[in-house]
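Observations on the three-dimensional arrangement
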Amino acid sequence: MNAYLPSLVGGMLIGVSALMLLLLNGRIAGISGIVGRLAQGIGLTTNLAFALGLLLGPLAYLLMFGGWPVVQITTGWPLLIVAGLFVGFGSRMGSGCTSGHGVLGLARLSPRSMVAVATFLTAGAVAVAFLRGVGL
Amino acid sequence: MNRNINQFVAALASGVVFGLGLSLSGMLNPVRVQGFLDVFGDWDPSLAFVLGGAVVVAFIGVQVMKRMQHPAFDDSFHVPTSRRIDAPLVVGSALFGLGWGIGGFCPGPAVASLSVGLPQTFLFVIAMLVGMTLYDRVWSRRT
């Protein structure tokens, strides 16, 4: 259970964040949308503010718990570049990622988001199964 | 207070809570994410609680939104209205999912983890920005 509780509370905080952005600014907390618009120079102030906050989040964790959140990366750099390109291109083409489709899309009971979530969960499982299969 | 300042502070605060939630939940750790996606192997189901917890709270937000005329700091809600299930949605989500499984990062954790300072995360985020730019400025504007 001690592995599940931080995940549940962390998830609820992500939900609180999405609720805040929706009810205060009327915006969807979809990170690929926010970062994508930031990269295009659209709505610079608020998108920059959210991205800045996102960077401060791990710092808040450090202040509360006295250590950085764990980040373990076993993927080699050539595959990481491929992964980054796919994540960036795919999330913009599919109009959302784990936050926009996953959190808010499901909360809005959007059929588009349900299809997106089923698709990216399946593709993610296939990718991991393939990597495990070839020993990476 | 000026509306722009309100929107700025609201977005900043929302970002901090999001980043803290990602840090607490285990989503910042690609090994955990890949363990969650490893359904045919040594499956770690804990990250399902992240999505579950987030959706339940966000669902409350959506219900409150339906009873509000407009958000606190804007004249209208900016919520997607499309209901079309088309090829870009499915192909894009599939590409995103493959990248998510290969790297263990989705966009939120990728950006937040930059604070932890590992060089690989900078590499990933640069590649992600290139991928986003390729779609937004090249692919989607083909004639």
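The preceding data block contains the structure.
Read on for an overview of the structure. (Residues numbered from 1 in each chain as written. Chains lettered and ligands numbered in written order. Predicted model: local features only at pLDDT ≥ 70, side-chain atom pairs only at ≥ 80, totals over all residues. Heavy atoms only, no water.)

**Description of the interface of chain A and chain B**
If you look at the interface, chain A gives 97 residues, while chain B gives 104 residues. When the two sides are added together, the surface that chain A and chain B hide from each other amounts to roughly 9,300 Å², 77% of it contributed by carbon and sulfur. For chain A, the biggest contributors to the area lost against chain B are F89, M93 and R112 of chain A; these three give 8% of the whole. Linking chain A to chain B there are 3 salt bridges. For D38 of chain B, the salt bridge goes to R132 of chain A, with nearest N and O atoms at 3.1 Å. Taken together, the connections running from chain A to chain B amount to 23 residue pairs in polar contact (both at pLDDT 80 or more). Listed by contribution, the elements that provide at least two residues to the side of chain A that touches chain B are helix 1 (4-25), helix 2 (31-40), helix 3 (44-65), helix 4 (77-93), helix 5 (98-107) and helix 6 (111-133) of chain A. Considering each element in turn, the side of chain A that touches chain B owes the most residues, 20 residues, to helix 1 of chain A. Classifying every residue of the side of chain A that touches chain B by side-chain character gives 64 nonpolar, 28 polar and 5 charged. (Contact = heavy atoms within 4.5 Å. Buried area = accessible area lost by both parts, 1.4 Å probe. Salt bridge = Lys/Arg side-chain N within 4 Å of Asp/Glu carboxyl O. Polar contact = N/O pair within 3.5 Å; in protein donor to acceptor, adjacent residues only side chain to side chain. Helix = DSSP H or I, 4+ residues; strand = E, 2+ residues; numbered from the N terminus. Nonpolar A, V, L, I, M, F, W, Y, C, P; charged D, E, K, R; others polar.)

**Regarding the packing of helix 2 of chain A against helix 3 of chain A**
Between two packed helices, both the angle of their axes relative to each other and the distance between the axes serve to describe the pair. Residue and element names in this part refer to chain A. Between helix 2 and helix 3, the shortest axis-to-axis distance is 9 Å and the interhelical angle comes to 125°. Taken together, the axis directions place helix 2 and helix 3 in an arrangement best described as oblique. Crossing handedness for the pair helix 2 and helix 3: left-handed. Within the contact between the two elements, helix 2 uses I31, I34, R37 and L38 and helix 3 uses L44, N47, L48, F50, A51 and L54. Partitioned by chemical class, the residues of the contact of helix 2 with helix 3 number 8 nonpolar, 1 polar and 1 charged. (Axes fitted to C-alpha atoms, helices over the stretch in contact; angles between N-to-C directions. Parallel < 35°, antiparallel > 145°, perpendicular 65-115°, else oblique. Left-handed = near helix turned anticlockwise from the far one by under 90°.)

**With respect to the packing of helix 2 (residues 30-37) of chain B against helix 4 (residues 87-103) of chain B**
Residues and elements named next belong to chain B. Close contact between helix 2 and helix 4 brings their axes to 8 Å; oriented N to C, the two are set at 120°. Comparing the axis directions of helix 2 and helix 4 gives the class oblique. Here P30, V33, Q34 and L37 of helix 2 come into contact with helix 4, specifically with W100, G101, I102 and G103. Each residue belonging to the contact of helix 2 with helix 4 can be placed in one class, and the counts come to 5 nonpolar, 3 polar and no charged.

**Re a nonpolar patch on the surface**
Where nonpolar side chains cluster on the molecular surface, the patch consists of F122, I126, V130, L134 and V138 of chain B and spans about 430 Å² of accessible area. Here L134 of chain B lies in helix 6 (residues 119-138). (Patch = residues over 30% accessible without salt bridge, like charges linked within 9 Å, V, L, I, M, F, W, Y side chains within 5 Å. Areas by Shrake-Rupley, 256 points an atom, 1.4 Å probe, with all protein chains shown as cover.)

**Some thoughts on the pattern of salt bridges**
Evaluated as defined, the whole model comprises 7 salt bridges over all chains. As a salt-bridge pair, R92 of chain A and D136 of chain B come within 2.7 Å of each other at their nearest N and O atoms. Residue R92 of chain A is located in helix 4, and its partner D136 of chain B is located in helix 6; the two belong to separate chains. D136 of chain B carries the same exposure label as R92 of chain A, and that label is buried. Between D86 of chain B and R112 of chain A there is a salt bridge; the shortest N-O distance is 3.8 Å. On the criterion of chain membership, the pair formed by D86 of chain B in the loop between helix 3 (48-66) and helix 4 and R112 of chain A in helix 6 is interchain, its members lying in two chains. (Buried < 20%, exposed > 50% of the residue type's maximum accessible area, 1.4 Å probe, protein only.)

**Concerning helix 3 of chain B**
The end-to-end C-alpha distance of helix 3 of chain B is 27 Å, a good match for the 27 Å that 19 residues give at a rise of 1.5 Å each. The complete set of buried residues in helix 3 of chain B reads V50, G53, A54, V55, V57, A58, G61, V62 and M65 of chain B. In this structure, the buried side of helix 3 of chain B is in contact with helix 1 and helix 5 of chain A together with helix 1 (3-25) of chain B. (Expected span 1.5 Å × (residues − 1).)

**Describing the packing of aromatic side chains**
Within the structure shown, the criterion is met by 10 aromatic pairs over all chains. When the centroid spacing of 4.7 Å and the interplanar angle of 15° are considered together, the rings of Y4 of chain A and F49 of chain B count as stacked. Taken together, the residues span two chains, with Y4 of chain A in helix 1 and F49 of chain B in helix 3. Each ring, one from F89 of chain A and one from Y135 of chain B, has its centre 5.4 Å from the other, and the planes form 90°; the classification is edge-to-face. Taken as a pair, F89 of chain A in helix 4 and Y135 of chain B in helix 6 lie in two separate chains rather than in one. (Phe/Tyr/Trp six-rings, centres within 6.5 Å; stacked < 30°, edge-to-face > 60°.)

**Observations concerning the state of the cysteines**
Inspection of every chain in the model, using the stated rule, returns 0 disulfides over all chains. Between C97 of chain A, a cysteine without a disulfide, and C106 of chain B, which holds the nearest cysteine sulfur, the sulfur-to-sulfur distance is 6.1 Å. For C97 of chain A, a relative accessible area of 0% gives the class buried. (Disulfide = S-S within 2.5 Å.)

Everything listed here is a matter of coordinates, which is why it stays silent on function.
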